Structures are given as structure tokens and as C-alpha cells.
Amino acid sequence: MAEITYREALNQALSEEISRDSNVVLMGEEVAQFKGSYKVSEGLLEKFGSERIIDTPISEAAFSGLAVGAAMMGMRPVVEFMFWSFSYVAFDQIFNNAASVRYMSGGLVNVPIVFRGPANGGTNVGATHSHTPENFAANTPGLKVICPSTPADAKGMLKAAIRDNDPVCIMENTILYNLKGEVPEDEDFIIPLGKARVACEGNDLSIIAHGRSVQVALQVAETLQEKHGVSVEVLDLRSIRPLDLEAILETVRKTNRVLLVEENKPFCGVDAQIAFLIQEHAFDHLDAPVKRISAIDVPQAYSKALENFQIPNHDRVLAKAMELL
Amino acid sequence: MESIYHDADIQKGDSSTKASTTVVPLPNETDFSTDSINHSLEAEEKIRFFSQMLRIRRFEERSLRAYQQGHIGGFLHLYIGQEAVAVGSVSVMSQDDHVITAYRDHGHAIAVGMEMDECMAELYGKKTGCSKGKGGSMHFFAPDKNFWGGHGIVGGQTPLGLGMAYALKTKGTKGACLCFMGDGATNQGSFYESLNLASLWNLPVIYVIENNGYSMGTAESRHSAGEPLARRGEAFDIDWSVHQGHDLYEVRSAIHKALSRARENSRPSVLEIVTYRYRGHSVADPDQTYRSKEEIEEYKQNKDPINLFRDKLLKEGVLTDDKIQALDKAAKDEAEASAEFALASPFPDVSELMDDVYWETDNPEEKSSSGTIFFESSR
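About the criteria used
- Residues numbered from 1 in each chain as written.
- Chains lettered and ligands numbered in written order.
- Predicted model: local features only at pLDDT ≥ 70, side-chain atom pairs only at ≥ 80, totals over all residues.
- Heavy atoms only, no water.
- Core = buried A, V, L, I, M, F, W, Y, C linked by side-chain atoms within 4.5 Å.
- Buried < 20%, exposed > 50% of the residue type's maximum accessible area, 1.4 Å probe, protein only.
- Helix = DSSP H or I, 4+ residues; strand = E, 2+ residues; numbered from the N terminus.
- Domains from an automatic or database assignment.
- Contact = heavy atoms within 4.5 Å.
- Pairing = 2+ DSSP bridges.
- Axes fitted to C-alpha atoms, helices over the stretch in contact; angles between N-to-C directions.
- Patch = residues over 30% accessible without salt bridge, like charges linked within 9 Å, V, L, I, M, F, W, Y side chains within 5 Å.
- Areas by Shrake-Rupley, 256 points an atom, 1.4 Å probe, with all protein chains shown as cover.
- Salt bridge = Lys/Arg side-chain N within 4 Å of Asp/Glu carboxyl O.
- Parallel < 35°, antiparallel > 145°, perpendicular 65-115°, else oblique.
- Left-handed = near helix turned anticlockwise from the far one by under 90°.
- Nonpolar A, V, L, I, M, F, W, Y, C, P; charged D, E, K, R; others polar.

A. Representation of the nonpolar core. Of all hydrophobic cores here, the largest spans 82 residues; its most connected members are Met72, Phe115, Ile248 and Ile278 of chain A together with Tyr166 of chain B. The element contributing the most residues to this core is helix α3 (residues 60-72) of chain A, with eight residues. For this core, the domains that each give at least three residues are domain 1 (2-183) and domain 2 (197-323) of chain A. Setting aside its immediate chain neighbours within four residues, Met72 of chain A contacts Val101, Val109, Asn110 and Val111 of chain A together with Phe141, Trp148, His151, Leu160 and Met164 of chain B. Formed by 72 residues, the second largest nonpolar core is a distinct cluster that contains Cys119, Ala176, Ala254 and Leu319 of chain B.

Put into C-alpha cells, the structure is as follows:
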């Protein structure tokens, strides 16, 4: 297995799936000649040509809708949003059309499409470029939502998403793009959607997280082990919808204490649902109330001094974990 | 002979709306019957077009009655008055051409060959409906007839139609997508984004603006700057033109030219087809605030697409009064039977509520993911 970055893992997945299926195309702003705003599609234009790697104008509603229309007719487009924040001007196409066409047609029309791009804060770009819409996508029946946190997951889950017959929203993270990890080279390496991953095993406390918050949780687990002798289990959700409820309940039953960590805003965030499910299904296994750390509930702050505090960081997560012990 | 277009009014005893059977001369009308696409039409085909328009109107009238009887809920956007646009357009399509439209979709659905039964049952929310009762009036679909819906958000289908044209071109099919929309949809941003891409990428999409004069209750003069609306294509180097929607021959001629442009040059078109709806925006629209009864009467008397085509066919000797009566009776009987079918059909079972959301949950044997996909609030 080679060690590659999250960015290269996404690139491999795209390259392999575009080679494998002539219905797969990649489109979005700056994906071809510019090689992707974050260089995720580097080299793909040279390999596949401008018919498969397609630069679009800055018209999210049109190219998202175009891709939905093409998917309705059997193509498998991958739409890149430079930021998921920009998908907000294409809301109707994703949330009405991609999500609902199958249902409204009584199952006659499928929409095998992937919408992907970064959805994160922590990069000092202010309120309009830092949205994390995994909660509203997951609140929309018809869509699937995944948040890979490692290079291997980025590859295996993007490949699974492209092969999926339903619309899948992939929330990536610009800070993770340079993260390195071992990634299988097998062209059929697939990580099924809806399968959580125990990122590290432990007995005293469970931290359940998704996206980059998994990396923060792992750092906190290390601190707790080293400085306090506390054994933490970190569960990476990987996929929000479908959700691995069994894995969540399993870790809760094991440690009896839970901290939920996400970069999503707290009110009606993903972890509000996770907390509900835990109390619904594992109430008797809890030795303490479920605690949460989310982004602080204001529009994303620009100043580093503010934003570094706003999103879940090591110290905030550690302090909350200590309350549970 | 009874008027073709106003059954509901007749039932209310309003005799003032009865049409004359005499041919109403229209000023400055170009004769499109000699156009090559119309000139060679067989009598049978002409009768079929007439019958299609009549069937759409009788279906709409019957559905209005069903709504008033409480069998249909929500919205019901009737197409009455605009029939020549859907029928004329579909009549020149090849098997490689596709259609997508907005929420006033019953006319297009019947024009592409959907059965009245499945359409009426959908309106009734029945399991036998074209979308199993899950789509409703605004969301009819028949992909086997190249009909991709019925879309509820104004202008929301304009990028989808673009995508269909893109898929056709990418797959090397010599087809085009007819994307129907209303005059109100021309003021949505996604439409202009779509026009830009259509021209930039040379996509075979035809935007057909069915300009019925009103964006819901707002007249064109109050909603749009710069007439005609189709001229907006000019900014994107897209061929555009304006046509009269009460003349089925003219609609056929216009759509035929645009389809040829799409097929031969892979170029888009924007066609504005001026038409009129006799009913309100939806049946929930009391239709008393934004236009006069006289205006509606004027259209019914002088520009009714069905009456005008009927008169043409009478003049051409293709139709007789007896034949018209027989076709009308057949259309009414078919519409009535569809209402009976819909009424007798079962509602979908609540156990089917979660079907048709995801391909994967409908095909469990080929399911590739795991985990929970549906969330009940509590159990």
C-alpha cells in the first residue's frame, strides 16, 4: 500500500472510475485546465480530455441541474463544488430535483449523481465560504451524505458513491487534503457507505465524530491516555446517511460515556440526531448525560483568533471530555 | 353544435360563453398550412391532432370537476386554452427527442401518449397513478415516452432540460430536448445560466416559453422588462422567434425548425409561443383580480386553438360536424371513464410510503451500503 494524501486519494478514485465507466464525467468550476481549485483533479484533463473533465462557468444552479438532468438519462456525473458553501445558489437543483425526482416519479427515474467538494471552516475565509451543510443534506430524504476523514476513506467512499445509484453528497475538507495515509491500490477498493470505523479502541469514554473532527478527537484521545491514563474509543461515523447506528450503540454500551464532536453548528446539527438516537436506544447504558462539542453558533468568524476557538479544537474537546470523567 | 371549450361554464348555465361555429377571421394571419411540415399531413394525422387537443381539454374539464367534488387535493394548474402548444410540439418530435416541462403538465403528458387513467389516478392520489400517487398534478413522469416531468419550481426544470440535451449529445444521439416553461420562468436566474451554457456548449435544447400572459396573477407588462421575452436569447447568440400558439400549424412549423437546428447544427433555440389560459393560475386562483372577463371572452371567441383548428379542418373537408361530435363524445367518455377508474382505484398503502425514495432500498438484493437510512422520530 502506498502512502498518499487525501487529495491524491480523491484523484485516484476519480481517475479509476472515469476509466471504468464511460458514463462518468467530472464537471465544475476550474476542474480541468486549472486542475481544480484545490488540485484534486490534477492530471485528469490530460488523461481523459475535455469531454470527460469539464470546466463550467460560475453557474452552480445550471451545472448542478444539468448534471441532474444528465443523471436522469443514465449518465453518472460527478459535480465538484469549489466549496459546498457555493452549492447554496444551486439549492433547488440538489434539494428539490436530485433528492425528489425518484420519489415524485414513483421510482421511475434514478439520479446516480455525486456532488462533492470541501465543507469546512478553519481556513480563515469567513462566513460565506465555511458552511458545513451535512445536516441539511442529511435532513433531505433521497440524498445520501458522507464525510470521509482519511485518505483511504476518501478513495474508497468516493468510488462507492460514484457506483451508487442514488445521489450522494460528499463533504470533504480543505485542511484534510494534505493529510497522508496508506491507501490500497486495488481498483475495486470500495468502502461501503453507512459503515462507521473505530479509529482507536478504548474503554472509558467514546468520542463520536465525523470529518476532520475525527482527527481532533484522536489527538484528544492521545492526550487523555498520556496525561490522565484515560482510555478513549474514537468512532468515525464516515457516513451520516445512511448511518451506522449499530456501531454507535456498540461503543456506547462499551464505554457508557459519550462525547459527540462535529464542526457542524449545534442547533439541529448532525449530533443532535445522534444524541437522540443514543438516548432512545441505549439510555440504560449511559453513566452520564451525552455531551457535545460543535462549532460555536455564530456565522463563521474571519479572524484566526476567533475561528480557531469557534471550531472544535483540541483544548475545547479535551475540557468537555474531562467533564465526563 | 356545442362549443368545444367551456363545459364547466355550460354546466353552470352560462350561455353567454357559447362559441359560434362560424369561422372567425383573424387579421394578418400567416397561413402555415402550406408549410412543408404541414402541407404533407394526411387527413388521419390532422384528425389525430384535433382529437388530442380535445382529449386534453375534456380531461382538464373533468379533473376540474373532480377537484370541485373534493377528489383532488392541493393544486391543479389547468392547461385549457394552451392545447395547440403541447400537441403541435409533440407532433413533430422524433423518437430521439425528449420533453420536460413545468407544473402545468397535464397537456404535455397526454400529448406524449400518457393514458388519461394513469394521469387522473395520480391527481386522485391513487396507487394506479403514473407516479403511484407520490407526485401529484405537478409531477407526472413517463420516461418510456421520453417525458421527464412535471416540475414544481418555476424555472427549476430549465437546467434539467439542458442536462438532457447534454446527455443526448454526449451519447451521440441525434435528438433534442424540448424544455417547456412559462413566461414567469423567464425571470428566474437558472434560466439565464442555462441559456449561457446551452449556447456555449452548443447543446440541442429548445426552450419553449408558453407565454400565456400571466406569471400567476402578474401580467407580463408588470413582470418583465423588454419584449418580446424570447429576445433574451439574443444576448447569448441563440436563435429566437415568437409565434402564435392558437394555430397548431404555426406551432408545428416553429418547433420543427428548432428541432432541425438542434439536430443538424446542435444549436439551441428560444421560442416564445403566445397563448392564453382560460382558467386561473390554479383552481385555487379566483381569477378576479388581475384580468377582465372580457379579455378571457375575447380569446375564447377569437383565438381558441381547438375551434380554430376545427374550422380549418371543416374548411379543408377533413372533418364533418358528425365526426366532430363523435370525437368529442369519445373524449368526454374517456375522461369520464378515467375519473371512474381513479375513483375505483385503491389509495397507496402506508407501507409503501418509504418505497421509491432510494434505488438501493427498493433493490435490497443489490444493496451495497449498510446502516440506517430512514429515521423515525421515535419508536
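B. Quick look at the pairing of strand β2 (residues 177-182) of chain B. Residues and elements named next belong to chain B. Counting buried residues in β2 gives five out of six residues, a clear majority hidden from the surface. Pairing of strand β1 (residues 98-100) with β2, which is carried by three bridges, proceeds in the parallel orientation. For Ile100, the partnering residue across the bridge sits in β2 and is Cys179. In the sheet, β2 pairs with strand β3 (residues 205-211) via six bridges, with the strands oriented parallel. For Leu178, the partnering residue across the bridge sits in β3 and is Ile206.

C. Looking closely at the sheet that holds strand β13 (residues 258-261) of chain A. Residues and elements named next belong to chain A. Strand order in this open sheet of five strands is β9-β11-β10-β13-β14, and the pairing throughout is mixed. Looking at which strands have only one partner, the edges of the open sheet turn out to be β9 (197-200) and β14 (291-293). Between one strand axis and the next, the sheet turns through 25° on average, direction left out of account. Two strands pair when backbone bridges link them, and strand β10 (residues 205-209) and strand β11 (residues 232-236) are joined in this way by five bridges, in the parallel orientation. In the strand pairing of β11, Ile207 is matched with Val234. Packing of helix α7 (residues 213-228) onto the sheet brings it into contact with β9, β10, β11 and β13, and relative to β11 it is tilted by some 175°. Strand contacts of helix α11 (residues 314-323): β10, β13 and β14, with the helix running at about 175° to β14, the strand carrying the most contacts.

D. View of a nonpolar patch on the surface. A cluster of nonpolar side chains, namely Ile296, Val298 and Phe309 of chain A, defines an oily patch on the protein surface of about 250 Å² accessible area. For Val298 of chain A, the position within the fold is in the loop between β14 and α10 (304-310).

E. Spotlight on the sheet that holds strand β2 (residues 24-28) of chain A. Residues and elements named next belong to chain A. Taken in spatial order, the seven strands make up an open sheet running β3-β2-β4-β5-β7-β6-β12, and their pairing is mixed. Of all strands in the sheet, those bounded by a partner on one side alone are β3 (53-55) and β12 (239-241). Neighbour-to-neighbour, the strand axes of the sheet open up by a mean angle of 20°, direction not taken into account. Sheet topology note: the β2/strand β4 (residues 76-80) ladder contains five bridges and is parallel. Directly across from Met27, in β4, lies its bridge partner Val79. Contacts from helix α1 (residues 6-20) reach β2, β3, β4, β5 (114-118) and β7 (168-172), with the element oriented near 135° to β2. Sitting on the sheet, helix α6 (residues 151-163) touches β2, β4, β5, β6 (144-146), β7 and β12, and the angle it makes with β5 is about 150°.

F. Focus on the packing of helix α7 (residues 157-170) of chain B against helix α8 (residues 189-200) of chain B. All names here are of chain B. For the pair α7 and α8, the least separation of the axes is 8 Å and the interaxial angle reads 20°. Taken together, the axes of α7 and α8 lie roughly parallel to each other. Considering the relative orientation of α7 and α8, their crossing is left-handed. In contact with Thr158, Pro159 and Leu162 of α7, α8 contributes Ser190, Phe191, Ser194, Leu197 and Ala198. Looking at the contact of α7 with α8, its residues break down into five nonpolar, three polar and no charged.

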